[in-house]
Amino acid sequence: MTKSIKVSAAVADEANARAVAMGAAALPGVPDGVPAEEVASATLGPVIVRGALFTEVLADDVMASREKPRAGEDEQAAAIRAAVEKTVRTLAHQVLGSDGEPLKTYAEWNVFGVRHRDEALHLFNVARRLNGSAEDAEKN
């Protein structure tokens, strides 16, 4: 089980206070039955964060199972690299604009994360929570 990445309390509290759980309301780009929320971001404005689709979960599982250390890496370094790459992939797939399309590409999230680390990690943690909700529902 992976842990959530910590963000500054002020950023998380502000974003949580403004987050609007959308429940049954349809959000653009979110298939029926997939958990999603509209989340306020100080830099990006309101964004839609949705849970992972089954194909995304499977792709992450396959990528993780095939991850091998690269030149100069040990197993731990390879695992860290894989987790970091998954974080950016999650943002690229699960953070949507008001039109329901992915807000940024993988490369754009890499740049955004350097400049706005706490916001990027907060959005990732929202996605992880939504993914966990879907996983918990499937287990029960």
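Refer to the structure printed above.
Structural notes, computed from the coordinates. Here the structure is a predicted model, which is why all the values come from computation and not from measurement.

## A few points about the packing of aromatic side chains
Here comes step 1: Under the criterion given, the structure shown has one aromatic pair.
Here comes step 2: Ring geometry for W109 and F112: centres 5.3 Å apart, planes at 85°, overall edge-to-face. Taken together, the residues W109 and F112, both in helix 4 (residues 106-115) and three residues apart, mark about one turn of the helix. For the pair formed by W109 and F112, the shared burial category is buried.

## Digging into the pattern of salt bridges
Here comes step 1: Across all of its chains, the model carries five salt bridges by this definition.
Here comes step 2: The partner of R50 in a salt bridge is E56, with the nearest N and O atoms 2.7 Å apart. E56 matches R50 in its accessibility class, with the two residues each being buried.
Here comes step 3: Put simply, D60 and R89 hold a salt bridge, and the shortest N to O gap is 2.7 Å. Note that D60 is positioned in helix 2 (residues 54-66) and R89 in helix 3 (residues 75-94), a separation of 29 residues in sequence. Here D60 and R89 have matching classes, each one buried.

What counts as what
Residues numbered from 1 in each chain as written. Predicted model: local features only at pLDDT ≥ 70, side-chain atom pairs only at ≥ 80, totals over all residues. Heavy atoms only, no water. Phe/Tyr/Trp six-rings, centres within 6.5 Å; stacked < 30°, edge-to-face > 60°. Helix = DSSP H or I, 4+ residues; strand = E, 2+ residues; numbered from the N terminus. Buried < 20%, exposed > 50% of the residue type's maximum accessible area, 1.4 Å probe, protein only. Salt bridge = Lys/Arg side-chain N within 4 Å of Asp/Glu carboxyl O.

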